[in-house]
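Residue-level listing of the chains:
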Amino acid sequence: MRRQSLATLATVLAIGAPVAAAAHGGPVDAPPSWTFDPFVVVPLLLSGALYLLGTTVLWSRAGVGRGIRPWQVLSYSAGFLALAAALTSPLHWLGERLFTAHMIEHEIVMAVAAPLLALARPVGAFLWALPPRIRRGLGALGRATPVRKLWASLSRPAVATIMHGAAIWIWHIPVLFDATVVDVTLHRLQHASFLATALLFWWALIRRSDPGAACGHLFVTMIHTGVLGALIALAPRVVYAGQTAGAAICGLTPLEDQQLAGLVMWVPAGTVYAGAAITFIGLWIRGSGQARLKRHAFS
């Protein structure tokens with residue numbers, strides 16, 4: 001019973017995996033360091049351990065590469081490492097003091113780690129790490145009509161795109177963003193909502209959308225995040241006073257730090273969305289070509 005309780009707790013933490021990070025506000029003159037906040041490290045370690053265990057158990061029964069493909073393991077590993085780097089490396093330390101670094105951290109979470117994790121579909125591996133009884137119980141819960149209907153509604157591409165966009169815009173309201181600098185709970189909620197809605201967004205595009213529609217949702221996301229980035233970069237005065245207060249650590253003025261942060265959201269992040277859109281266009285063209293070949297073969 002104790003083993004089952006611990007396994008259930010581990011799964012809950014892993015499926016919500018590491019969505020928290022320590023708030024800003026460390027000493028400006030402290031040396032660069034790694035962050036070992038238990039709200040980050042514990043979920044990271046649990047998710048990694050469960051994924052490794054679940055994959056090992058499944059492959060020992062079904063054969064290597066069955067159920068979980070090797071490319072999915074690589075995708076999960078890359079997403080896991082990107083998330084760990086964003087939330088625990090000296091980048092996070094710098095993000096506590098510099099708006100630009102904080103923006104880079106957010107973009108890694110939303111535009112790098114999230115799509116890699118969504119592509120890997122790690123929940124199956126997590127479940128295989130659990131005792132059979134708990135695994136069957138969670139499977140039955142997932143098949144329950146209310147749960148299926150709720151998931152079907154939330155994972156609609158249009159809904160996921162709106163939710164992800166809303167999270168980005170709401171948290172970048174200056175007074176709210178600056179509040180996360182000093183309030184650890186708000187900061188954890190910010191990172192949790194960024195990762196959760198990004199996972200939902202990318203999962204919906206990869207699993208529930210045809211390539212043409214996915215390209216459209218990516219284009220919309222690229223446009224509205226680009227607009228937000230431009231507004232931040234081109235603002236004539238500092239609007240994120242709390243977040244840019246430590247800009248001098250890198251020889252920047254608060255306004256310069258704010259401008260660079262806006263450019264990070266505007267250009268590099270937009271490039272990631274554009275690259276993903278081009279990939280979906282390629283899949284759409286290939287699918288259309290294969291459909292035409294099939295029609296000709298049977299005509």
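Please read all numbers here as calculations on a predicted model, not as lab measurements. (Residues numbered from 1 in each chain as written. Predicted model: local features only at pLDDT ≥ 70, side-chain atom pairs only at ≥ 80, totals over all residues. Heavy atoms only, no water.)

*Asks:* Just checking my understanding: could you explain the layout of surface pockets for this structure?
*Replies:* The rolling of a water-molecule-sized probe over the atoms marks out the regions of remaining empty space. When its volume is computed, the second largest pocket comes out at roughly 230 Å³. Every residue lining the second largest pocket is listed: A111, P115, L116, L119, W202, I206, V272, G275, A276, T279, F280 and L283. Residue contributions to the lining of the second largest pocket peak at six residues, all from helix α14 (residues 268-298). Grouping the amino acids of the lining of the second largest pocket by side-chain chemistry returns 10 nonpolar, two polar and no charged. (1 Å grid on protein atoms, 1.4 Å probe; cavity = no way out; pocket = protein on both sides within 12 Å on 5 of 7 lines; lining within 4 Å. Points joined across faces, edges and corners; volume = space filled by probe spheres on them. Helix = DSSP H or I, 4+ residues; strand = E, 2+ residues; numbered from the N terminus. Nonpolar A, V, L, I, M, F, W, Y, C, P; charged D, E, K, R; others polar.)

*Asks:* I tried to follow the environment of T225 on my own but got confused; where do I start?
*Replies:* Looking at the secondary structure, you find T225 in helix α12 (residues 211-234). Given a relative accessible area of 3%, T225 falls into the buried group. When the C-alpha atoms of T225 and G165 are compared, they prove to be 7.9 Å apart, with 60 residues separating the residues in sequence. Look past the residues within four positions of T225 in its chain and what remains in contact with it is I168, M265 and Y273. (Buried < 20%, exposed > 50% of the residue type's maximum accessible area, 1.4 Å probe, protein only. Contact = heavy atoms within 4.5 Å.)

*Asks:* Can you help me understand the packing of aromatic side chains in this one?
*Replies:* This model, assessed by the stated rule, comprises 10 aromatic pairs. Clustering of aromatic rings is evident, with ring pairs tying together Y51, Y76, F80 and F126. Looking at R135, its charged tip hangs above the ring of W128, at a distance of 4.2 Å from the centre. A cation over a ring is seen here: R188 above F39, with NZ or CZ 3.6 Å from the ring centre. (Phe/Tyr/Trp six-rings, centres within 6.5 Å; stacked < 30°, edge-to-face > 60°. Lys NZ or Arg CZ within 6 Å of the ring centre and 35° of its normal.)

*Asks:* Sorry, what's going on with the packing of helix α2 (residues 38-62) against helix α3 (residues 70-88) here?
*Replies:* Describing two packed helices takes the angle between their axes plus the distance from one axis to the other. In contact at an axis separation of 11 Å, α2 and α3 are set at 170° when each is read in the N-to-C sense. Classified by the interaxial angle, the pair formed by α2 and α3 is roughly antiparallel. In contact with V40, L44, S47, G48, Y51, T55 and W59 of α2, α3 contributes P70, Q72, V73, Y76, F80, A84, L87 and T88. Of the residues that constitute the contact of α2 with α3, the class distribution is 10 nonpolar, five polar and no charged. (Axes fitted to C-alpha atoms, helices over the stretch in contact; angles between N-to-C directions. Parallel < 35°, antiparallel > 145°, perpendicular 65-115°, else oblique.)

*Asks:* So what exactly am I meant to see when it comes to the confidence of the model for the protein chain here?
*Replies:* Keep in mind that low pLDDT regions are not for reading the predicted coordinates in detail. Residues with a pLDDT of 70 or more make up 86% of the protein chain, whose mean pLDDT is 87. Of the regions scoring below 50 in pLDDT, residues 1-26 engages in 66 contacts with residues more than four places distant in sequence or in other chains. (pLDDT = per-residue confidence, 0-100.)

*Asks:* Please clarify how the packing of helix α9 (residues 157-171) against helix α11 (residues 184-207) should be interpreted in this entry.
*Replies:* Between α9 and α11, whose axes approach to 8 Å, the crossing angle comes to 155°. When the interaxial angle is binned, α9 and α11 end up roughly antiparallel. Here the hand of the crossing between α9 and α11 comes out left-handed. Each of P157, A160, T161, M163, H164, A167, I168 and W171 in α9 lies in contact with α11, whose residues at this interface are L186, L189, Q190, S193, F194, T197, A198, L200, F201, A204 and L205. (Left-handed = near helix turned anticlockwise from the far one by under 90°.)

*Asks:* When you look at α3 in this model, what are you seeing that I'm missing?
*Replies:* The end-to-end C-alpha distance of α3, which contains 19 residues, comes to 26 Å, matching closely the 27 Å that a straight helix rising 1.5 Å per residue would cover. Check the buried side of α3 and you find it contacts α2, α4 (90-95), α5 (99-120), α6 (123-128) and α11. (Expected span 1.5 Å × (residues − 1).)

*Asks:* Please explain empty space enclosed by the protein as it appears in this structure.
*Replies:* Under the criterion given, the structure shown has two cavities of 30 Å³ or more. In this structure, the second largest cavity encloses a volume near 30 Å³. Considering the residues around the second largest cavity, the lining is formed by E107, M110, I168, T225, M265, A269 and Y273. Grouping the amino acids of the lining of the second largest cavity by side-chain chemistry returns five nonpolar, one polar and one charged.

*Asks:* Where do I start with the side chain of Q190 in this structure?
*Replies:* Tracing the chain through its elements places Q190 in helix α11. Non-local contacts of Q190, meaning those with residues more than four positions away in its chain, are made with H102, H106, W171, F177 and T180.

*Asks:* Would you mind going over the pattern of salt bridges with me for this structure?
*Replies:* Pairing of side chains with opposite charge becomes possible as their charged atoms draw close. In the structure shown here, the tally under the stated rule is two salt bridges. R188 is the partner of D37 in a salt bridge, and the nearest nitrogen-oxygen pair spans 3.5 Å. Here D37 is found in the loop between α1 (2-15) and α2, whereas its partner R188 is found in helix α11, with 151 residues between them in sequence. Like R188, D37 is buried. Note that E96 and R97 form a salt bridge whose closest N and O atoms lie 3.1 Å from each other. For the pair formed by E96 and R97, the shared burial category is buried. (Salt bridge = Lys/Arg side-chain N within 4 Å of Asp/Glu carboxyl O.)

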